[in-house]
Amino acid sequence: MEVTILTEQELRRVVRPDAAALAAVADGFVRLARGQATMPPIMRVEIPEHNGELDVKSAYLQGLDSFAVKLSSGFFDNARLGLPSLSGMMVLLSSQTGFPRAVLLDNGYLTDVRTALAGALAARHLAPEEVDTVGVIGSGAQARYQIRALQLVRSFEQVLVYSQDPANRERYAQEMAPLLGCEVRAAPDAETVVRQSKVLVTTTPAREPVVQAAWLHPGMHITALGADAEEKQELAVEVLERADMLVCDTRAQAFRLGELHHGLEAGVIDAESPIREVGDLIAAGGSARSAPEQITVCDLTGTGAQDTAIARLAYEQAQAAGLGTTIDA
């Protein structure tokens, strides 16, 4: 049995937040929404003494010849050690035999890309057509990838960033401005970012809400992706109550883990609330907005369908480029 080993450096050469990757992730979402995916619940291992967690995600997309299993870790005290908070790897297996085809040692890079593309897909169908200011709360890797991917679907003139550490938000502004080709400014607080942004992306592991309903304004879109565990929450439940449209990656998972989970507990939404899934929006095409003044919120918890989609693309692109080390296992 031959297994291909791909390093992060090799994967970065063939996978980027670009149109090809966007299409691959979109296909995964559509299959999920149409019931063409077998996706188990996330398995989580908590390591509280080191402020860490490990998630295991997977999905088989019907008709495809391979599927991925991903290990994704978040150790949020790693900055003290000079290390990134997030890491991980994926294993691509044959859908026919179950034997491994490839081990993708991406250190979380593929998760960064597929998560950013999920945000871009949400914005493609939910954000206003005309966007002047984009806001981002958080200044880490995902705060960077989200805004880069957003440029695939919307043009904008400036970015406002807020994070708790002033040095981090200033660094973000300095480093991202030349990459994005637009003005990037550090904001003094989260409220300023929310009130001035047409599109807002929240990317933090917060356990207390950082966005309040009183700050929202007509016509804005919010993508929230930090609440990928039961105890995490970036949006006050009143934000969900005020929104004109709620969307998520998968209802079953978001009701258990995401912002919607907190909305259910608070009673501002219920299982019968008209909450759409990203895959449904993609399949329908065009804007999901029915009026320009609508406030839209998308809750992204991260799915195994995305992981299989991006892992398959990475393997195919690497094979075409002649990359990787093949071993007999």
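Residues numbered from 1 in each chain as written. Predicted model: local features only at pLDDT ≥ 70, side-chain atom pairs only at ≥ 80, totals over all residues. Heavy atoms only, no water.

In this structure, what is going on with the packing of helix H3 (residues 109-126) against helix H4 (residues 141-150)? I would like to understand it.
Axis angle and axis distance: for two packed helices, these are the angle between their axes and the distance between the axes, and together they describe the pair. At a minimum axis separation of 8 Å, H3 and H4 run at an interaxial angle of 45°. If you check the angle between H3 and H4, you find them oblique. In this structure, H3 crosses over H4, and the sense of that crossing is right-handed. Along the contact surface, H3 presents Tyr 109, Asp 112, Thr 115, Ala 116, Leu 117, Gly 119, Ala 120 and Ala 123, while H4 presents Ala 141, Gln 142, Tyr 145, Gln 146, Ala 149 and Leu 150. Broken down by class, the residue content of the contact of H3 with H4 amounts to nine nonpolar, four polar and one charged. (Axes fitted to C-alpha atoms, helices over the stretch in contact; angles between N-to-C directions. Helix = DSSP H or I, 4+ residues; strand = E, 2+ residues; numbered from the N terminus. Parallel < 35°, antiparallel > 145°, perpendicular 65-115°, else oblique. Left-handed = near helix turned anticlockwise from the far one by under 90°. Contact = heavy atoms within 4.5 Å. Nonpolar A, V, L, I, M, F, W, Y, C, P; charged D, E, K, R; others polar.)

Can you walk me through the nonpolar core in this structure?
Nonpolar side chains tend toward joint burial in soluble globular proteins. Grouped together as the largest cluster of nonpolar side chains are 64 residues, with contacts concentrated most on Leu 104, Leu 110, Ile 147, Val 159 and Ile 310. Among the elements that make up this core, the one with the highest residue count is H3 (11 residues). Within the second largest apolar cluster, 29 residues are counted, among which are Ile 137, Ala 224, Ala 243 and Val 297. (Core = buried A, V, L, I, M, F, W, Y, C linked by side-chain atoms within 4.5 Å. Buried < 20%, exposed > 50% of the residue type's maximum accessible area, 1.4 Å probe, protein only.)

Explain the sheet that holds strand S8 (residues 133-137) here, please?
Backbone-to-backbone hydrogen bonds join strands into a sheet, with any given pair of strands oriented parallel or antiparallel. If you trace the eight strands from one edge of the open sheet to the other, you get S10-S9-S8-S11-S12-S15-S13-S14, paired in parallel fashion. Each edge of the open sheet is held by one strand with a lone partner, namely strand S10 (183-186) and strand S14 (275-277). Going across the sheet, the axis of each strand differs from the next one's by a mean of 20°, ignoring polarity. Pairing geometry for strand S12 (residues 221-224) and strand S15 (residues 296-299), over four bridges, is parallel. If you follow Ile 222 over to S15, its bridge partner there is Val 297. Relative to the sheet, H3 contacts S12, strand S13 (245-248) and S15, its axis offset from that of S12 by approximately 160°. In the packing of H4 onto the sheet, the strands contacted are S8, strand S9 (158-162) and strand S11 (199-202), and the crossing angle to S8 comes to about 160°. (Pairing = 2+ DSSP bridges.)

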